[in-house]
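Notes for the structure review
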Amino acid sequence: MGHLQPLLLLQLLLLTLTCSPFSVSAHTNGDSIEDPTIKTMHEFSGYPVSEPSSFITDSSSSLSFDAQSLQEQIDTLATISDAPSPAVTRVLYTVKDIKARSYVKDLMKHAGLSVREDAVGNIFGRWDGIEQEVGAVATGSHIDAIPYSGKYDGVVGVLGAIEAMNVLQRSGFKPKRSLEVIMFTSEEPTRFGISCLGSRLMAGSEELEKALLKRVDGENISFLDAARSADYMGDDMELSSVRLSQGQYSAFVELHIEQGPILEDEGISIGIVTAIAAPASIKVGFEGNGGHAGAVLMPHRNDAGLAAAELALAVEKHVLESGSNDTVGTVGILDLHPRAINSIPSKSHIEIDTRDIDELRRNTVVEKIRQSAIAIAERRRVKLSEFEIINQDPPAPADGKIILAMEAASRELNLTYKKMISRAYHDSLFMARVSPMGMIFIPCYNGYSHKPEEYASREDLANGVKVLALTLAKLSLS
């Protein structure tokens with residue numbers, strides 16, 4: 001097997017993947033390469049066909065894609081949770097998070113991957129290629145889960161990536177570029193208010209490195225203490241050690257549920273992401289005088305609660321005025337003080353998320369929100385006590401060559417696909433700063449995500465893993 005051309009092994013992979021997702025077998029004419037799929041692979045890779053293709057017939061019948069095992073792994077990981085089933089809660093550096101990390105590392109080792117971790121707990125499972133000195137091809141996602149969410153978000157991209165490695169190995173594929181599965185630390189902002197913490201650090205965010213040295217959670221536990229409680233950030237470890245070097249990865253591809261309804265509504269198997277919209281996150285505070293709900297007449301009020309409510313409506317107005325459906329805005333938090341039915345709010349706190357694939361258009365919305373906050377405070381005679389832009393990350397386009405590879409993989413597997421934009425945040429957004437990036441979406445039930453009803457069918461899981469496996473193989477041989 002070790003003497004076979006890489007193309008021939010990739011042909012074997014393709015022929016086996018196009019069959020049943022549970023068990024596959026393929027037969028081909030050993031005297032010709034007229035099959036259009038093989039011709040496409042030949043043109044894509046540039047490798048000549050010079051080995052007898054009887055190898056395909058002899059070896060493919062024993063290959064199987066174990067969708068049942070993948071589903072069982074997803075179900076098992078879901079039980080490692082601080083919330084009762086069917087909900088999942090798994091927060092950074094908690095006991096459940098540590099146990100879940102151990103489970104993932106065991107799966108990586110079982111798949112024959114060499115496992116390492118960095119200072120903050122990003123986990124890497126590597127399959128060494130023939131040419132180890134060139135940039136590897138990476139894939140992966142996260143397994144942390146916001147409170148009372150579902151079991152597929154992020155997890156599909158980690159466990160599905162490990163299964164893709166199993167599929168490639170069972171096919172007899174030999175990677176040219178090394179392949180690597182990454183489990184990113186803390187994609188969700190639940191504990192320390194920072195989304196994509198691990199991938200931001202990998203992308204070299206010096207600002208975040210400095211901020212984490214002083215960051216505390218809601219219980220006043222510092223990031224460093226929390227990390228050390230999970231056996232990370234030892235005395236000899238620096239946050240700067242997490243940074244990736246340019247060229248370390250030649251490509252990064254993330255498999256993920258869509259988290260929206262488009263693919264399911266249109267009956268399409270695969271979403272090929274062309275760009276990731278990036279959010280700007282804003283914190284706003286108003287302060288008024290408060291007072292008794294009955295004794296203070298309306299003309300004399302300085303109501304911080306109504307100021308926040310008016311700003312929430314202004315967010316909607318500015319987003320709708322952008323002229324593009326790609327601009328979205330959300331007021332996810334609105335807190336009032338003292339939170340009594342018979343007391344006029346003296347303080348209000350509002351947190352805003354606005355996103356777009358066009359950075360200038362999104363930033364224009366942010367500025368309009370700022371101007372509205374100032375005008376509302378003046379008109380309602382309250383103090384604008386806070387207006388802080390927490391993050392204002394640039395959007396990220398997917399790499400053209402990776403898009404072509406994902407399209408080719410989908411076609412060769414006879415799967416329908418649609419090019420689309422990701423409006424949700426992903427670690428891919430930050431991996432794009434250090435590597436060419438692409439994303440594969442699969443449908444999820446009703447577009448549900450971040451809730452217990454989140455669900456992806458076995459068929460869709462199988463389709464996603466097969467497209468990922470074939471895409472990784474293509475990129476490894478490039």
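Our subject in this report is the structure included herewith.

Following Ser85, the chain continues to Pro86 via a peptide bond in cis, the omega torsion being 10°. You can see Pro86 is positioned in the loop between α4 (67–78) and β1 (88–90). A cis geometry characterises the amide bond from His337 onward to Pro338, with omega recorded as 15°. Mapping Pro338 onto the fold places it in the loop between β11 (328–337) and β12 (343–344). Located in the positive-phi region is Tyr148, a residue other than glycine, with phi close to 55°. Mapped onto the secondary structure, Tyr148 falls in strand β5 (residues 145–149). With a phi angle near 50°, Met233 is a residue other than glycine that sits in the positive phi range. Along the chain, Met233 turns up in the loop between α9 (223–229) and β7 (249–257). Under the relative-accessibility criterion, Met233 is labelled buried at 3%.

With antiparallel pairing, the four strands of this open sheet are ordered in space as β11-β13-β9-β14. In this open sheet, the two edge strands, each paired with only one partner strand, are β11 and β14 (383–392). Strand-to-strand, the axes of this sheet are offset by a mean angle of 15°, without reference to chain direction. Sheet analysis places strand β9 (residues 278–287) next to strand β13 (residues 347–356), joined by ten bridges and oriented antiparallel. From the neighbouring strand, Ala280 faces β13, where its bridge partner is Thr354. Packing of helix α11 (residues 304–320) onto the sheet brings it into contact with β9, β11 and β13, and relative to β13 it is tilted by some 10°. Packing against the sheet, helix α12 (residues 359–379) makes contact with β9, β13 and β14, and its axis sits at approximately 170° to β14.

Criteria and cut-off values
Counting of residues starts from 1 at the beginning of each chain's written sequence and follows it residue by residue. Reporting of local features is limited, given that this is a predicted model, to residues whose pLDDT is at least 70; pairs of side-chain atoms are given and counted only at 80 or more, and all residues count toward the totals for whole chains, interfaces and linings. Water and hydrogen atoms were dropped before computing side-chain values, which therefore reflect all heavy atoms in the structure. Helix numbering and strand numbering both begin at the N terminus, where a helix is a DSSP run of H or I of at least 4 residues and a strand a DSSP run of E of at least 2. Note on classification: 1.4 Å probe, protein chains only; a residue is buried when its accessible area is under 20% of the maximum for its type, exposed when over 50%, partly exposed between these limits. Two strands are counted as paired when DSSP detects at least two bridges linking them. Axis definition: a line fitted to C-alpha atoms, limited for helices to the stretch in contact. Angles are taken between N-to-C directions and run from 0 to 180 degrees. Two residues qualify as a contact provided that any one of their heavy atoms is within 4.5 Å of a heavy atom in the partner residue.

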